[in-house]
Amino acid sequence: ILAAFFISFYSCILACNIFSAAAAKNLLLLKPAQTTFLFVILTIFFLLNTHLFKTGINFVLQAVITFFMLYLLSFFVFWSHTLNAAAQFDMVKAKQWALLAAVAAFLSTWWLAFFKLELFFRSLVITAGFNAILGIFIAKQTRQINNRIVFEYVFIPLSALVFSIVAG
């Protein structure tokens, strides 16, 4: 557990270092740093969401906390894309896309609450859905969206849902 923590912590620090350098000039390492940062954000969301579900607090309070986590973490992801000069992406758009991603992921979270899934699997499916929403929105923003990309991103959470239903 400690090794995984230090690897993710080091990856996050390395990505932030690249982000600070990319603010001054265009770097080739920006895209891998954004991908690493997205992976760290998804890992953080998965762990926090699993812990939140296992606390057993009120369902409405869980939904509110999940929404704020979704907004904050998706804002961080979209903020990292403001550093890409070719994307024409600014802070106002990052906030708008983060709110849109949080609402979309929140609605899928609310929908998944009606399934009888174990808390770990519910968090896994929500994280896969959050990844799909972020991926589709980033592809839309960078004008690289097509049917194949949408299918690949939607296939992952659906596969996770089927796996969770069968395994749970």
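Residues numbered from 1 in each chain as written. Predicted model: local features only at pLDDT ≥ 70, side-chain atom pairs only at ≥ 80, totals over all residues. Heavy atoms only, no water.

**Thoughts on the overall build of the chain**
Move 1: Looking only at helices and strands, the chain features six helices and zero strands.
Move 2: The C-alpha extent of the chain, read off along each of the three principal axes, is 50 × 40 × 25 Å.
Move 3: A buried classification covers 40% of the 168 residues belonging to the chain.
Move 4: Put simply, 67% of the contacts in the chain that link residues at least 6 apart link residues at least 24 apart.
Move 5: Summed over all atoms, the accessible surface of the chain reaches about 10,000 Å², with 73% contributed by carbon and sulfur. (Helix = DSSP H or I, 4+ residues; strand = E, 2+ residues; numbered from the N terminus. Buried < 20%, exposed > 50% of the residue type's maximum accessible area, 1.4 Å probe, protein only. Contact = heavy atoms within 4.5 Å. Areas by Shrake-Rupley, 256 points an atom, 1.4 Å probe, with all protein chains shown as cover.)

**Concerning a nonpolar patch on the surface**
Move 1: A contiguous nonpolar surface patch, about 830 Å² in accessible area, is contributed by Ile57, Phe59, Val60, Leu61, Val64, Ile65, Phe68, Trp110 and Phe114.
Move 2: Counting residues per element, the nonpolar patch draws most heavily on helix α3 (residues 59-81), at six residues.
Move 3: With respect to the helices and strands, the residue Val64 is situated in helix α3. (Patch = residues over 30% accessible without salt bridge, like charges linked within 9 Å, V, L, I, M, F, W, Y side chains within 5 Å. Salt bridge = Lys/Arg side-chain N within 4 Å of Asp/Glu carboxyl O.)

**Considerations on the pattern of salt bridges**
Move 1: With the rule as written, the count across this model stands at one salt bridge.
Move 2: Its salt-bridge partner being Arg148, residue Glu152 comes within 2.8 Å of it at the nearest N-O pair. One end of the pair, Glu152, and the other, Arg148, are both in helix α6 (residues 147-167), four residues apart, so they sit about a helical turn from each other.

**A closer look at the packing of helix α2 (residues 30-55) against α3**
Move 1: Following both chains from N to C, one finds α2 and α3 inclined at 175°, their axes separated by 10 Å at the closest point. With respect to α3, the axis of α2 lies roughly antiparallel. Contact residues: α2 offers Gln34, Phe37, Leu38, Ile41, Phe45, Leu48, Asn49, Leu52 and Phe53, while α3 offers Gln62, Ile65, Thr66, Met69, Leu70, Leu73, Phe76, Val77, Ser80 and His81.
Move 2: Taken together, the residues of the contact of α2 with α3 sort by class into 13 nonpolar, six polar and no charged. (Axes fitted to C-alpha atoms, helices over the stretch in contact; angles between N-to-C directions. Parallel < 35°, antiparallel > 145°, perpendicular 65-115°, else oblique. Nonpolar A, V, L, I, M, F, W, Y, C, P; charged D, E, K, R; others polar.)

**A short note on helix α1 (residues 2-22)**
Move 1: Between its terminal C-alpha atoms α1 stretches 30 Å, which fits the 30 Å expected from 21 residues at 1.5 Å a residue.
Move 2: Among all positions in α1, only Ser11, Ala15, Ile18, Phe19 and Ala22 are buried. Each buried residue of α1 sits inside an arc of 105° when the element is viewed along its axis, so together they form one side. Those residues of α1 that are exposed and angled more than 90 degrees off the buried face are Leu2, Phe6 and Tyr10.
Move 3: Of the surrounding elements, those touching the buried residues of α1 are α2 and α3. (Expected span 1.5 Å × (residues − 1). Arc of directions from axis to C-beta.)

Don't take any of this as a statement about function, it's just geometry.
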